[in-house]
Each structure stands twice: as structure tokens, then as C-alpha cells.
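# Per-entry structural report
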Amino acid sequence: MIVSEKMHELGSKRSTIRELFEYGKQRAAVIGSENVYDFSLGNPTVPAPSCVNEVIRSLTEELDSLSLHGYTSAQGDQETRQAIAGYLNRTYDTSFKAEDFYMTVGAAAALCICFRALTSSADDEFIALAPYFPEYKVFVNAAGASLKVVSPDTQSFQINFEELLKTLTPHTRGVIINSPNNPSGAVYSAQTIEKLASILEEKSKEFGRPVYIITDEPYREIVYDGVEVPFVTKYYKNTLVCYSYSKSLSLPGERIGYVLVPAEADESREIYAAVCGAGRALGYVCAPSMMQKVIARCTGQTGNILLYKENRDLLYEGLTELGYKCFKPQGAFYMFVQALELDADAFCEQAKKLDLLLVPATDFGCPGYVRISYCVDTDMIKRSFGAFRKLKDLYDSGNAE
Ligand code: PLP
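Read on for an overview of the structure. Small disclaimer: the values here were computed from a predicted structure and weren't measured.

Moving on, we come to the overall build of the protein chain. The helix and strand tally for the protein chain stands at 14 helices and 13 strands. Here the C-alpha radius of gyration of the protein chain, 21 Å, is about what a compact globule of 401 residues would show, namely 21 Å. Taken along its principal axes, the extent of the C-alpha atoms in the protein chain is 60 × 55 × 55 Å. Taken across its 401 residues, the protein chain has 53% of its residues classed as buried. Put simply, 75% of the contacts in the protein chain that link residues at least 6 apart link residues at least 24 apart. Total accessible area computed for the protein chain in this model is approximately 17,700 Å², and 50% of it derives from carbon and sulfur atoms. Side-chain charges of the protein chain comprise 40 positive and 51 negative groups, with the mean position of each set lying 1 Å from the other.

Shown next, in the form of C-alpha cells:
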């Protein structure tokens, strides 16, 4: 093969989610979009808050084209990084500075940068806690390290500490956490983060080098019922934060986020330099200029999260009433539901025959479960209950194929 076999494979094989989404579009063309219940993608349905468009309009009036669309410095605009630091310091009582931030094209780039920056040998390992975002494996492998997976605690969807303890080795460079979680919707409690911090402190001492937490936080603000998301750097200093505005500001296509390397982290300046180096090596320099300026003026804003809560409540109550076993999400916009047979892929195939598009959680490291994205039109959820009922009846009557 004249190209990298690995890259060829990655580029040729669509993810299960993308595959389903494409199928949904084809099916809608045949039977009408109102008859397809597509719960596959995590694409925000709540519009960006009005400040986004207002700021874009004023920026185009205030700034000439060269200042608006020109390169910023590789790590991002000083003013933007200062604004983000100020917002976090006011909100979480922290003391970050502009110099601690590196602006990126979304959380995906932030994660790739962190894995690349921390990997120094082919033996290096990162740990993901199932259920986990499947792209972590792609990103970690691309950095030249390997991904180890800790199986889920399906009672609480907090951390399976017993297994984590067995998975940590002197090769572990970092543990990836994602709370609010895609796909479970769980939010790690302060108690969970405290316990994780204490285990990693002990292990770092034992191994003679820090085990970092890489916290992937695109859903930080998307929480319900007053649930608080602990700010991880306050519990564990060796934490790198990967943030994205894709979900909180509903700007997934604008590709904007950041890496935060707190000054109190061990070897903080070396890590920050390696983050800049990884950004350079990967070509992730100078995140989109105009979006950086938008962020500087919209930090702390979100779309109307109550609309997601309405969908969550409707779906949770509807499915529970039909007899499905659902984990009640505390955040993000996904519901995790137990499949009606052990093989979640077969269950999703069965659902597909009823034009109900659900994502099997096999790739998320959690067999037997499915993910239902509820960042969808509320009416579609209402229309889908008939299909969910038929699906349940098929299994109850033993007629599922
Ligand atoms: N991490 C998680 C858990 C996600 O769900 C997503 C996107 O869905 C990402 C990272 C990537 O986000 P971004 O659009 O900011 O690259």
C-alpha cells in the first residue's frame, strides 16, 4: 500500500454513529423524515445564545478585515486567554493566568495535543474509564501510546476504582475522565473526584512520576436539577483541562476550545511548552481567529439548557413507563439504556427495522447498553414512543429475530 495502512483504515471505516446517521438520511428520503426516529448524533439542537451573533456583527463593524481574520499567536489571542482565565477564576475561585491556556480547534484537538505532549515512550499508557468516547483510542494511538480501559460501574456510572487500581502501572501517563459523561449522562461527584485524586497521588509517589488527569469537559455547563460539576484542578493539581465550546455555546462547526495547564501542576512550564510543541507538530496553531474573539466576549454564556432538560424528562419518563431500564442522566444530552438482549448490536439492528436509530454502546466499552441522543426535536421524541413500544413488545412476546 502506498499510504499508511493505519490511516487508510481509519479513513475508510465510518464510525457506527456516522453510519447510522447516514442511514437515517437515506431512509428519510424514502419514507419521510417524520417517520425516522434518529437518536444517533450528539449535534446540539439548542441555538447558540444571541450574544454569539451579536458579537460577530459588532466585530465586523469594529475591526477591519485584516485584524478580524488575521493570524493570532500560535497559542491564541492574549485577550481571549485572559478573558477565559478571568471567567474561570470568578466562577471557581481559581487563579489561572492567560499563559496557562492554549486555544485549540475544539476538544478533539485539545485531547490530541495533551496525549502527544505527555507521551515520551512507546510503552506509555493512558487509561479511559468506560463508558468512554471511542475517539480516545484513535487520539491516544496517534500520539504513539496505548489506551487501557477500565470497565464500567453500571450501578452508579461513577468510577470502578477496584479495576482502576489494577490498571494503573508505572507506564500510566494519564487517566482520562469525562464528566458530564458521553454516553452515560453521569456527573462524577466531589467524592468520586476526591477518591480518584487520592489514588493518583499515592500512585504518582509509588511510580516516582506524576500520573496526570486529562479531563475532557465539553459538557461542563450542561447539567440538570442543580447538580454541581466539581472543578477538577481544585482536587488534583496534576490535571490538564480540555474544554470545548461545541456544546455549551452550540458551536460545534466553529471548532473552538482550549487546553488549560494549571501553574500548580508538576513541571507545569515544561508541559505547557510540550503542549505548544504538540500543537505545532500537529498543525493545530492559531485556532480560528474570529471565534477566539467571540469567545472572549461570550465566556460563561450557554444556549438554553432547559430545552435539553425538557427532552430528558420526556424521554426518561416515557421509556421507564414502557419498561426500559434507563440511567437518569444528570448532565450532557445522552440517555443510557439497557438493551433488551445481551447483544446490544443485535438489539439496535432490531430497533433499526422500526426506524428507531439507537447507538450500541459496545464501542463505548459498555456492552449490553445503548446510547440515545436527546439533543433532538421534542416532537420526534413524542412520535418515537410507538416504535419503542413495538420494540419492547417484540422482546416480551419472544418475537425478536
Ligand atoms: N469529547 C467528548 C466526550 C465528546 O462528546 C466530543 C464530541 O461530541 C468531543 C470530545 C469532541 O468535541 P469537539 O467538537 O470540541 O472536538
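Of all hydrophobic cores here, the largest spans 38 residues; its most connected members are F39, L319, L358 and F388. Broken down by element, this core gets its largest block of residues, seven residues, from helix α14 (residues 378-396). Those residues in contact with L319 that sit more than four places away from it in its chain are Y324, C326, V337, I372, F385 and F388. In this structure, A110, L240, V259 and Y272 belong to the second largest nonpolar core, which totals 30 residues.

Glancing now at the sheet that holds strand β3 (residues 125-129). On the basis of which strands lie adjacent, the open sheet formed by seven strands has the order β2-β8-β7-β6-β5-β3-β4 and mixed pairing. Of all the strands in the sheet, the pair left with one neighbour each is β2 (101-104) and β4 (146-150). Neighbouring strand axes in the sheet, compared pairwise and without regard to direction, differ in orientation by 20° on average. The pairing of β3 with strand β5 (residues 172-177) spans four bridges and is classified as parallel. Its bridge partner being in β5, E125 is matched across the sheet by T172. Running over the sheet, helix α6 (residues 106-118) touches β2, β3, β5, β6 (212-216), β7 (239-244) and β8 (257-260) and is turned about 155° from β7. Here helix α10 (residues 268-282) sits on the sheet in contact with β2, β6, β7 and β8, set at roughly 20° to β2.

Looking now at the site of the ligand. The environment of the ligand is formed by 13 residues, the closest being A107, D216, Y219, S244 and R255. Contacts to the ligand include A108, whose backbone N or O atom sits 3.0 Å from an oxygen atom. The contact in question runs from an oxygen atom of the ligand to an N or O atom on the side chain of R255, over 2.7 Å. Against a free-state accessible area of 400 Å², the protein chains account for coverage of 90% of the ligand.

Counting buried positions along strand β10 (residues 334-338) yields four of five residues, so the element is predominantly enclosed. The sheet contact formed by strand β9 (residues 326-327) and β10 spans two bridges and is antiparallel. Directly across from F327, in β10, lies its bridge partner F336. Turn length for the β9-β10 hairpin, with the two strands adjacent in sequence and antiparallel, is six residues, and the turn residue A332 shows positive phi of about 55°. Direction of pairing for β10 relative to strand β13 (residues 369-373): antiparallel, over a ladder of five bridges. Following the sheet pairing, M335 is matched in β13 by I372.

Compared with an ideal rise of 1.5 Å per residue, which puts 16 residues at 22 Å, helix α2 (residues 16-31) spans 22 Å between its outermost C-alpha atoms and is within 8% of the ideal. All of the buried residues along α2 are I17, L20 and G24. Buried residues along α2 cover an arc of 55° about the axis, so they all sit on one side. Exposed and oriented more than 90 degrees from the buried face of α2 are Q26, A29 and V30. Tucked inside the fold, the buried residues of α2 contact α13 (344-352), β11 (356-357), β12 (359-360) and β13. Remark: G32 follows α2 within two positions and exhibits a positive phi of approximately 95°.

As a further point, take the sheet that holds β10. The pairing of strands in a sheet happens through backbone hydrogen bonds and is either parallel or antiparallel. Across the sheet, four strands lie side by side as β9-β10-β13-β12; this open sheet has antiparallel pairing. Here the strands that pair on one side only, and so sit at the sheet edges, are β9 and β12.

Moving on: the side chain of S244. The topology assignment puts S244 in strand β7. A polar contact is formed between the side chain of S244 and the backbone nitrogen of S246, at a distance of 2.9 Å.

Where charged atoms of side chains with opposite charge meet at close range, the side chains can pair. Tallied over the full model, the rule gives 16 salt bridges. Close ionic contact of R220 with E217 constitutes a salt bridge, the shortest N to O distance being 2.6 Å. Of the residues examined, R220 reaches a relative accessible area of 4% and is grouped as buried. The partner of K352 in a salt bridge is E349, with the nearest N and O atoms 3.8 Å apart. A residue pair is termed a helical-turn pair when its members lie 3 or 4 positions apart in one helix, as K352 and E349 do in helix α13 at three residues.

A few words on α10. Its 15 residues give α10 an end-to-end C-alpha distance of 21 Å, which sits within 8% of 21 Å, the value for a rise of 1.5 Å per residue. Those residues of α10 not exposed but buried are S268, I271, Y272, V275, A278 and G279. One side of α10 holds all its buried residues, which, seen down the axis, span an arc of 120°. Opposite the packed face of α10, turned more than 90 degrees from it, sit the exposed residues E270, R280 and A281. For α10, the elements touching its buried residues are α5 (78-92), β2, α6, β6, β7 and β8.

Quick notes on the rules
Residues numbered from 1 in each chain as written. Predicted model: local features only at pLDDT ≥ 70, side-chain atom pairs only at ≥ 80, totals over all residues. Heavy atoms only, no water. Helix = DSSP H or I, 4+ residues; strand = E, 2+ residues; numbered from the N terminus. Rg over C-alpha atoms; globule rule 2.2 N^0.38 Å. Buried < 20%, exposed > 50% of the residue type's maximum accessible area, 1.4 Å probe, protein only. Contact = heavy atoms within 4.5 Å. Areas by Shrake-Rupley, 256 points an atom, 1.4 Å probe, with all protein chains shown as cover. Lys, Arg positive; Asp, Glu negative; His and termini not counted. Charge placed at Lys NZ, Arg CZ, Asp CG, Glu CD. Core = buried A, V, L, I, M, F, W, Y, C linked by side-chain atoms within 4.5 Å. Pairing = 2+ DSSP bridges. Axes fitted to C-alpha atoms, helices over the stretch in contact; angles between N-to-C directions. Near = heavy atom within 4 Å. Polar contact = N/O pair within 3.5 Å; in protein donor to acceptor, adjacent residues only side chain to side chain. Expected span 1.5 Å × (residues − 1). Arc of directions from axis to C-beta. Salt bridge = Lys/Arg side-chain N within 4 Å of Asp/Glu carboxyl O.

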